[in-house]
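# Topology and contacts: notes
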Amino acid sequence: MADKTIPDILYTTVDEAPELASASLLPIIQFFARAAHLQIEKRDISLAGRIIAAFPDNLTAEQRQADHLAELGELVKTPMANVIKLPNISASVPQLTAAIAELQAQGYNLPNYSENPQTHIDKTVRARYDAIKGSAVNPVLRQGNSDRRAAKAVKKYAMQNPHSMGTWGAGSNTHVASMSGADFFSNETSATLTEAQAGVARIEFTDNYGVRTVLKDGINLQAGTVVDATFMSTKALRTFLTKTLAEAKAQGVLFSLHLKATMMKVSDPIIFGHAVSVFLEPFMKKHEQTLAEIGFHPNSGLNDLEQRLSDLPEAKKSTIEADLGAAITAQPPLYMVNSSKGISNLHVPSDVIIDASMPALIRAGGKGWGPDGKTADCICVIPDTSYSSIYEETIEYFKQTGALDPTISGAVSNVGLMAQKAEEYGSHPTTFEAMADGTIQYILHNGEVLHEHQVEKGDIWRSSSTNRGPIEDWVKLGLARQQASGATAVFWLDENRSHDAEIIKYVNASLAAAGVTENKLKIMSPRAATRFTLETIRKGEDCISITGNVLRDYLTDLFPILELGTSAKMLSIVKLMQGGGLFETGAGGSAPKHVQQLVEEGHLRWDSLGEFCALGESLKFVAESQGKPKAAVLGNAVEEATQRLLENNNLPNKRVGQTDNRDSHFYFALYWSKALSEQTEDAALAAHFAPVAQELTENKSKILAELAALQGEAADLGGYYHTDAAKTAAVMRPSATFNAIIG
């Protein structure tokens, strides 16, 4: 039985649209859970919440809050964990500073984020903020590997109600451009540690004059851990970017940069900054002194530059802005994040999210929005070649075969290696920008140099590691998923990549021990696996992708967006290695646009289908792990309610006046109560929810009218990163009739 001090389910407070939706959905969930004597509580892992928790000494007693991320980080290492995790912001520096400014305006006495800290205090503050930015949440909570797939009801609905797909043809000029060498892929070295090599390691930089600097020490390494190291030459990067800009202009296509500046919070903002500075190179040389005076850094993007220029004296501002406009005009047109507002994908680093941008472009037939408000072909700039081949092969495949047909395509599920900060997504603390020409070494406890690279000033060096336990657990999970489904499964591993070659040794050993043949379980390079998977699902057959951490992230957006039209509807179960469960609810890449529409038009189109799927699995896990059969009844009824929601097409739509998120929550509550009143496993629950179902049915028109009353009106949330609870409740729970029924 569960420890009574730990709630049955912990639901996370997050950011943007998913959190706004929670203001409507969570009260419904808690009302239903109380009937089964289940306790559901929230823990705050939002960007604002993590900032507040990091500076208790600066705040009043009323403003302080506990470090809930640290609390959950300990809980997920126990069998008692049952956490429903919604998408949270992986903050770029512009997002972080905006959140700090909002909290300061609300009366929180927080220090500023320093781009160039000089004093000990400034460096301490910067270190606290650096621990918050980027993907700070997922590596803490993901103490297990993931099993991600579309629920059968969701897949069936997508096939019966297909989303739009763009037209592909051989004449498309859209293509992927990547570096030909000197990138992370080509420079990578990897090794699996022996017992003698395990221990405390360090990373050192030695410049060409022999001056040694410890970049990172106290790195605890276990035997069997795969340790990688690599670097990207920024000289080669800039040469590549210059060439690619010229190519885009000559071909008349959009220049589109695709990175993951949120998850790869050290390396990718630097790459982004090089793209900005190469794009504006003549302009930046001409105005070098002024740009330094106003504190502009290209890593922050064009939006930051425009804001800083706006504070200059009018005459000087006009001159520089004219030069900036001329510099932009001289380059190829940029892929736009928002054409109507003039926001390109060089404006804000956190807008450059490869696993959202590339699938959307591919779904649209290789088209992106240009600054003229029209769609055009693109050169998709993905500098590092480690994973760019999956997008390159997908584009080439669709050029040859035409777009995928969602009405007949099979499904691609994923088993992802991500436990214990596996692979590159755990590399943030061991990623460095070379301070000078010299050598970076990875040195083991016994003095052995495991990895060594000659670098030049500004090169980006990084190391990552993957522990043996998560690797072996991942292989077992992949085998179990294949055996349960019967679908063909593919390990996406490239024997010609140093890291993958080490992982393949583990995979082969595990497969041999299990007596598995390559008939239903294959090992393929990412490029070959991409084509094999596309060919398989085009025939209407299912396929399982068994991948590392980054490909898990990329593929669980790519294939769902092609199959379902969105990745937010996926069921994601993280089987925690100590026996608990983490249930994730989908992707949040489109969340900012949803918030914008709610604020401007009073319509929230966020789809909570991912939350419904996670809730059903979480409730059934309560029943299984704690011996609470009523939870299983609730969980089964959630699945029935979700099925009815899909069958009746009660999901949110895009436009004001149509069904929105709040409406879909009402329908979910209606169908959930009906399913519980009709089930025969638990008479007490049936009797409890029969009058609830009757009240909701009888008041349906009134409730929907009350919910619709706010549509078309601007919404005041009292903030963006740190909303006002009362104002948010007024917007997200506007039906007094509905609230009276569910409490």
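Below, the structure is looked at part by part. This structure is a prediction, so every number in the text was calculated from the model and none was measured.

A tally of helices and strands in the protein chain yields 28 helices and 24 strands. Taking 743 residues into account, the globule formula puts the C-alpha radius of gyration at 27 Å, and the protein chain, at 26 Å, falls close to it. Dimensions of the protein chain, computed from the C-alpha atoms along their principal axes, are close to 80 × 70 × 60 Å. Within the protein chain, the fraction of its 743 residues that count as buried is 59%. Of the roughly 28400 Å² that the protein chain leaves accessible, carbon and sulfur atoms contribute 50%. Each charge class in the protein chain can be summarised by its mean position, and for the 68 positive and 86 negative side chains these summaries are 2 Å apart.

Moving on, we get to the packing of helix 24 (residues 661–678) against helix 25 (residues 683–698). The geometry of helix 24 relative to helix 25 is characterised by a closest axis approach of 7 Å and an angle of 140° between their N-to-C directions. If you check the angle between helix 24 and helix 25, you find them oblique. Helix 24 and helix 25 meet at a crossing whose hand is left-handed. Residues Phe666, Ala669, Leu670, Ser673, Lys674, Leu676 and Ser677 of helix 24 touch helix 25, and the partners they reach there are Leu685, Ala686, Phe689, Ala690, Val692, Ala693, Leu696 and Thr697. Residue composition of the contact of helix 24 with helix 25, grouped by class: 11 nonpolar, 3 polar and 1 charged.

Turning our attention to the nonpolar core. The biggest cluster of nonpolar side chains holds 78 residues, and the ones touching the most others in it are Phe666, Trp672 and Leu696. Excluding residues that lie within four positions of it along the chain, tryptophan 672 makes contacts with Ile28, Ile29, Phe32, Leu615, Leu619, Leu634, Ala637, Val638 and Ala641. By size, the runner-up hydrophobic cluster in this structure holds 39 residues, among which are Leu237, Leu245, Leu305 and Leu324.

Across the sheet, 4 strands lie side by side as 6-9-19-16; this open sheet has antiparallel pairing. Edge strands, defined here as strands with exactly one partner in the open sheet, are strand 6 (189–192) and strand 16 (431–433). Each strand axis lies, on average, 10° off the axis of its neighbour in the sheet, ignoring direction. As paired elements, strand 6 and strand 9 (residues 226–232) share 4 bridges and run antiparallel to each other. Of the residues in strand 9, the one forming a bridge with threonine 192 is valine 226. Contacts from helix 18 (residues 498–514) reach strand 6, strand 9 and strand 19 (460–466) within the one sheet, and its direction differs from that of strand 6 by about 25°.

So, on to the sheet that holds strand 4 (residues 144–150). Taken in spatial order, the 10 strands line up as 2-1-3-24-23-4-15-22-20-21 in an open sheet, and their pairing is mixed. Among the strands making up the open sheet, the edge pair consists of strand 2 (40–44) and strand 21 (521–524). Geometrically, the sheet is characterised by an average inter-axis angle of 20° between neighbouring strands, direction not taken into account. Across the sheet, helix 3 (residues 68–75) is in contact with strand 1 (9–13), strand 2 and strand 3 (82–85); its angle to strand 2 comes to roughly 120°.

What follows deals with the packing of aromatic side chains. Tallied over the entire structure, the rule returns 20 aromatic pairs. Taking the centre distance of 5.9 Å and the plane angle of 35° together, the rings of tyrosine 391 and tyrosine 554 count as tilted. Of this pair, tyrosine 391 sits in helix 16 (residues 388–401) while tyrosine 554 sits in helix 20 (residues 549–564), and the two are 163 residues apart along the sequence. For tyrosine 391, a relative accessible area of 0% translates into the label buried. Ring pairs connect the aromatic residues Phe31, Phe32, Phe612, Phe668, Trp672 and Phe689, which therefore count as one cluster. Above the plane of the ring of phenylalanine 184 lies arginine 462, whose end atom (NZ or CZ) is 3.8 Å from the centre.

Procedures and definitions
- Residues numbered from 1 in each chain as written.
- Predicted model: local features only at pLDDT ≥ 70, side-chain atom pairs only at ≥ 80, totals over all residues.
- Heavy atoms only, no water.
- Helix = DSSP H or I, 4+ residues; strand = E, 2+ residues; numbered from the N terminus.
- Rg over C-alpha atoms; globule rule 2.2 N^0.38 Å.
- Buried < 20%, exposed > 50% of the residue type's maximum accessible area, 1.4 Å probe, protein only.
- Areas by Shrake-Rupley, 256 points an atom, 1.4 Å probe, with all protein chains shown as cover.
- Lys, Arg positive; Asp, Glu negative; His and termini not counted.
- Charge placed at Lys NZ, Arg CZ, Asp CG, Glu CD.
- Axes fitted to C-alpha atoms, helices over the stretch in contact; angles between N-to-C directions.
- Parallel < 35°, antiparallel > 145°, perpendicular 65-115°, else oblique.
- Left-handed = near helix turned anticlockwise from the far one by under 90°.
- Contact = heavy atoms within 4.5 Å.
- Nonpolar A, V, L, I, M, F, W, Y, C, P; charged D, E, K, R; others polar.
- Core = buried A, V, L, I, M, F, W, Y, C linked by side-chain atoms within 4.5 Å.
- Pairing = 2+ DSSP bridges.
- Phe/Tyr/Trp six-rings, centres within 6.5 Å; stacked < 30°, edge-to-face > 60°.
- Lys NZ or Arg CZ within 6 Å of the ring centre and 35° of its normal.

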